[in-house]
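Each chain is listed here by its residues.
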Amino acid sequence: MNPLINPGNLPYIEELYAAYRKDPASVGGEWRAYFSELARDTLSPTNGNAVLESTAPTAGDGSGAARYFASTLQEQLNDMIRAYRTLGHRAAQLDPLGQQHRKQPELDPAFYGLTAERADQLFSGAGLYWSGPLTLREIIRRLDETYCGSIGVEFMHIEERSVREWLQQRIETRQNRLQLNGEARQRTLTQLIHAATFEEFTRSQFVGAKSFSLEGAESLVPLLLFAIEKAARDGVREIVLAMAHRGRLNVLVNVIGKKPRQIFREFLDLPPPADGGGDVKYHLGYSSDYQTSAGPKVHLSLCFNPSHLEFVNPVAVGRVRAKQDRSGDAERERGMALLIHGEAAFAGEGVDQETLNLSQLAAYGIGGTLHVIVNNQVGFTTCPSEGRSTSYASDIAKMLQIPIFHVNGDDPQAVQQAVALAMEFRRCYRRDALIDMVCYRRYGHNEGDEPSFTQPKMYRAIRQHPPVAERYLKQLIEQRLITREQADRMANEFRDLLEQELALARTGDAIDKSQSYGGIWSGYAGGLEPKGQEITSAVAQERLSQLLDGQTRFPANFHPHPKIARFAALRREMAAGKRPLDWAAAEALAFASLACEGVRVRLSGQDTARGTFSQRHAVLHDFDNGEQYAPLNHLTPDQAPVEIYNSPLSEAGVLGFEYGYSLDYPDALVLWEAQFGDFVNAAQVIVDQFISSAEEKWRRLSGLVLLLPHGFEGMGPEHSSARMERFLQLGARDNLQVVYPTTPAQYFHCLRRQALRKWRKPLVIMTPKSLLRHRDAISSLTELSQGSFETVIGEPRSESTVKRILLCSGKIYYELKSHRAERQRDDVAIVRIEQLYPTPTDALAAALGGYSEGTPVVWVQEEPSNMGVSCFWSLQFGARLCDRFPFTMVARPASASPAAGSASRHKQQQAALIAAAFGEVG
């Protein structure tokens, strides 16, 4: 570009160009070369003449050259503006320690030919949200402040132009700064002082104790409080928060409202109540009603959390969904999840991707989650270059069409601006939003750790770096909004309060009884399984017939698949009592009867709507147009919903979500189904850290049901075993239930029992595969209309003739029964243990009571001897059962793999196992 071109001399250039068009030799050599290059540049490689004629100025056109040269400059400026919007975050001042020096050539005006000589040239403000025209100098200054200051925004990856423009307008209008009045700034300073003082006090009072200090990231406290206030103004009335241990105690006191005395009591390690094992103080949750300055109260719930960091996130989101469903919040406006992540964990743990993936799915959406990464720039001892392959810890979130706000944690007002934008985006678009607050960790991973072993340079900088409260105080002193004496008084008053709380911690007044079972959990109980309180799970036979028949009646304009039409016809025969019920029909009747009694039913899992084995067909698809129809939701006008959803190909995220849902909807039947039971171990953290242990660690009950297809049928090592031994190993103090029912009626009664009784424990059901269509695995309507779930099922045999008793559970029963009939082994009794845990010792003793003492009892299982139930029974009973019977086991040989890959080998093993059970082999 010729540097002589500017708006002031364009008329002169117009005359020169007109002369050049008539006679190129009539202009000077520099201008002749420039005009010649201009003509070449405007030629199109495919249709040069047409482009030249349409874009290059022509002789005699009074304003053509002016418009052409000006538009060229404007296009270059527009390219630079786009670069700021796209890459400005790469040059933003995000690191409080000033160790990140990142230059972007694309943000240099000279890159676009906009040299210093043009600094005072006026340009149109078109495309910007500032009134113009403005000089180039002013445009660059504003772009720097907006996109390269304390906030860097990633939003140009969002595909929808309207969303990008919405964000541009809000970012650029105020140059990405939040204008706070003096009172708001003083309030922010107070919050920072309280956060810093709490850490200093606890560290001085409990020397060497782990607290996982927030220091270096104190701006998290005003961030959260500002977000809560903003949410309240937007109509949110419940917020579920989740976070790991870093800064948790500070958040509990300064945000959630837990009394410091209660935390100090935990530091003092005074004896806890004797009704549970408890957990360390920085894993505990808390709930409270927060009084906002705007007026309304917001209920805050900080989830309990294990050291497995990010796995609590789907749990928190599931809790919000349950709260929304309970309150009829179909628009997802009154509940919100606020998830606080560590930068290393957010990039490193795959459950975050699983959780993000749920956000826009109809079955799991909550109207948007606010994510906050507390970015310490180090994970324990691991630096970012060792911990991730991406530029930012937040990059995984770009899988969603959402903005990412990177912000310097040492600039509290910038932090609040990021919150304001994120919350407004969430409210407007019902999507997640993410804030990456870049800060530092003043001390090591814990208070006893030495961080300079691995980050010496960083920690030299940290030792010289003043805390954010001190930096912000200096700003407010300069602005004459506060004096240092006033700030010291704030700190001293809060320190005095903490001293008083510490004194109270040593008294009984510190014991917090507000977090015990109450509210929606009133009337429910945990603890040991109550004896003699079996509920009635039967349903009148006439009612069952109506409910089953009703599921076969479709709207007149619905066109079922031909095979579904035959499926419905068979169901009508079952409803009429002309055909016995199969497994899927019994399940459908359990769901239907509960829904008509007002119990919400929610089931999700991979391919669950149809069923992995094409057995359920709970959600039908019109054969002509594909529209869906769910018969279970069209039974009676006043029924509760029956929600059956196909989940993503995810175990940990979805199981965590459903567990969270069960925490806040105790009066619903909430189920998760594995595609095959073998795949549940992909969610082992949720099972171990939450489902099996939450009652003992955190006094939290759940009635979640896990449906795990299980059974050895020659399908190989990954399609045979739900690893029931792992659930049994987790069993203690009646913390969960493990059942392996053998009939549709037993399954029906088990599901209804789970929903109707007030004893709330997770329920693990080993569900069938081949039994779904087994000719003997059937039940009558009468069996559903009478009785209840039987933990042990004996059989009416002449005890005097019995020489051998086989104990079993699940599918193997039918093979043992068939073999006995074929071999006419009437001397063998078969007793089914339908509930494996809690162990039904009384029912088992009763079932064996009539047999002669000394009769051999053999436990028979399909699983290898180091799996299944055998090891558990050995611990429970030893070599003598009920102190009356010699007790042995028959199983496959111990194996590292659950099952053989060869179908023929499976058959050989199964035949040998059955023969051994009857004592027919040595």
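The coordinates are above.
Just so we're clear, the structure is a prediction, and the values are computed from it rather than from any experiment. (Residues numbered from 1 in each chain as written. Predicted model: local features only at pLDDT ≥ 70, side-chain atom pairs only at ≥ 80, totals over all residues. Heavy atoms only, no water.)

*Asks:* I tried to follow the overall build of the protein on my own but got confused; where do I start?
*Replies:* Summing up its helical and strand segments, the protein has 31 helices and 25 strands in all. Residues classed as buried in the protein amount to 56% of the 922 residues present. Restricting to contacts in the protein with at least 6 residues of sequence separation, those with at least 24 account for 79%. Only carbon and sulfur atoms are counted for the fraction: they give 49% of the accessible area of the protein, which is about 37,500 Å². A distance of 2 Å separates the average location of the 101 positive side-chain charges in the protein from that of its 108 negative side-chain charges. (Helix = DSSP H or I, 4+ residues; strand = E, 2+ residues; numbered from the N terminus. Buried < 20%, exposed > 50% of the residue type's maximum accessible area, 1.4 Å probe, protein only. Contact = heavy atoms within 4.5 Å. Areas by Shrake-Rupley, 256 points an atom, 1.4 Å probe, with all protein chains shown as cover. Lys, Arg positive; Asp, Glu negative; His and termini not counted. Charge placed at Lys NZ, Arg CZ, Asp CG, Glu CD.)

*Asks:* How should empty space enclosed by the protein be read in this particular structure?
*Replies:* The rolling of a water-molecule-sized probe over the atoms marks out the regions of remaining empty space. Under the criterion given, the structure shown has 5 cavities of 30 Å³ or more. Empty space within the largest cavity amounts to approximately 180 Å³. As for the largest cavity, its lining consists of 18 residues, and the residues nearest its centre are Gln 551, Phe 567, Arg 571, Arg 616 and His 617. In terms of residue class, the lining of the largest cavity is made up of 11 nonpolar, 4 polar and 3 charged. (1 Å grid on protein atoms, 1.4 Å probe; cavity = no way out; pocket = protein on both sides within 12 Å on 5 of 7 lines; lining within 4 Å. Points joined across faces, edges and corners; volume = space filled by probe spheres on them. Nonpolar A, V, L, I, M, F, W, Y, C, P; charged D, E, K, R; others polar.)

*Asks:* Got a minute to help me understand the sheet that holds strand S7 (residues 335–342) in this structure?
*Replies:* Through backbone hydrogen bonds, the strands of a sheet pair up, either in parallel or in antiparallel fashion. Taken together, 8 strands build an open sheet; the order of strands is S3-S9-S10-S8-S7-S4-S6-S5 and the sheet is mixed. Of all the strands in the sheet, just strand S3 (151–154) and strand S5 (286–291) have a single pairing partner and so form its edges. Taken over all neighbouring pairs, the strand axes of this sheet differ in orientation by 20° on average, direction set aside. By the bridge criterion, 5 bridges tie strand S9 (residues 404–408) to strand S10 (residues 433–438) in an arrangement that is parallel. Bridge pairing links Ile 404 to Leu 434 in S10. Strands in contact with helix H11 (residues 312–326) are strand S4 (238–242), strand S6 (297–302), S7 and strand S8 (369–375); relative to S7, the strand with the most contacts, it is inclined by about 175°. (Pairing = 2+ DSSP bridges. Axes fitted to C-alpha atoms, helices over the stretch in contact; angles between N-to-C directions.)

*Asks:* What am I meant to see in the pairing of strand S16 (residues 705–709) here?
*Replies:* Two faces make up the sheet, and in a regular strand the side chains alternate between them. Where burial is concerned, most of S16 is hidden: 5 out of the 5 residues are buried. In the sheet, S16 pairs with strand S18 (residues 763–767) via 5 bridges, with the strands oriented parallel. Note on S18: the bridge partner recorded for Pro 709 is Thr 767.

*Asks:* What is the right way to read the environment of Pro 631 from this model?
*Replies:* Structurally, Pro 631 is set in the loop between strand S13 (628–629) and strand S14 (642–646). Pro 631 sits 274 residues away from Asn 357 along the chain, and the two C-alpha atoms are 28 Å apart. Apart from the residues within four sequence positions on either side, Pro 631 is in contact with Gln 551, Phe 554, Ala 618 and Leu 620.

*Asks:* Would you mind going over the layout of surface pockets with me for this structure?
*Replies:* Size it by volume and the second largest pocket reaches roughly 680 Å³. Lining the second largest pocket are 31 residues; nearest its centre among them are Phe 567, Ser 614, Gln 615, His 617 and Arg 773. When residues of the lining of the second largest pocket are traced back to their parent elements, those giving at least two are helix H20 (562–575), helix H21 (583–596) and strand S12 (620–621). Per-element tally for the lining of the second largest pocket: the top contributor is H20, with 6 residues. Its residues assigned to classes, the lining of the second largest pocket shows 16 nonpolar, 7 polar and 8 charged.

*Asks:* Please clarify how the packing of aromatic side chains should be interpreted in this entry.
*Replies:* The geometry of an aromatic ring pair is captured by two quantities: the separation of the ring centres and the angle between the planes. Inspection of every chain in the model, using the stated rule, returns 27 aromatic pairs. Aromatic pair Phe 206 and Phe 264: ring centres 5.8 Å apart, planes at 40°, arrangement tilted. With Phe 206 in the loop between helix H7 (182–205) and helix H8 (220–233) and Phe 264 in helix H10 (residues 260–268), this residue pair connects regions lying 58 residues apart in the sequence. The class of Phe 206 is buried, set by a relative accessible area of 11%. Each ring, one from Tyr 661 and one from Tyr 665, has its centre 5.8 Å from the other, and the planes form 15°; the classification is stacked. Of the aromatic side chains, those joined through ring pairs into one cluster are Tyr 837, Trp 859, Phe 872, Trp 873, Phe 877 and Phe 887. It is Arg 326 that lies over the ring of Tyr 665; its NZ or CZ is 4.9 Å from the centre. Note that Arg 602 overlies the ring of Tyr 661, its terminal NZ or CZ placed 4.8 Å from the centroid. (Phe/Tyr/Trp six-rings, centres within 6.5 Å; stacked < 30°, edge-to-face > 60°. Lys NZ or Arg CZ within 6 Å of the ring centre and 35° of its normal.)

*Asks:* Is there a simple way to explain the packing of H7 against helix H18 (residues 484–505) in this structure?
*Replies:* For any two helices packed against each other, one specifies the crossing angle of their axes together with the interaxial distance. The geometry of H7 relative to H18 is characterised by a closest axis approach of 9 Å and an angle of 45° between their N-to-C directions. Taken together, the axes of H7 and H18 lie oblique to each other. Handedness of the H7/H18 crossing: right-handed. Side by side, H7 and H18 meet where Thr 190, Ile 193, His 194, Thr 197, Phe 198, Glu 200, Phe 201 and Gln 205 of the first sit next to Ala 487, Met 490, Ala 491, Phe 494, Arg 495, Leu 498, Glu 499 and Leu 502 of the second. (Parallel < 35°, antiparallel > 145°, perpendicular 65-115°, else oblique. Left-handed = near helix turned anticlockwise from the far one by under 90°.)

*Asks:* Please explain the pairing of S4 as it appears in this structure.
*Replies:* With respect to burial, S4 is a largely interior element, 4 of its 5 residues being buried. Note: S4 against S7, 5 bridges, orientation parallel. Bridge pairing in S7 links Ala 242 to Leu 339.

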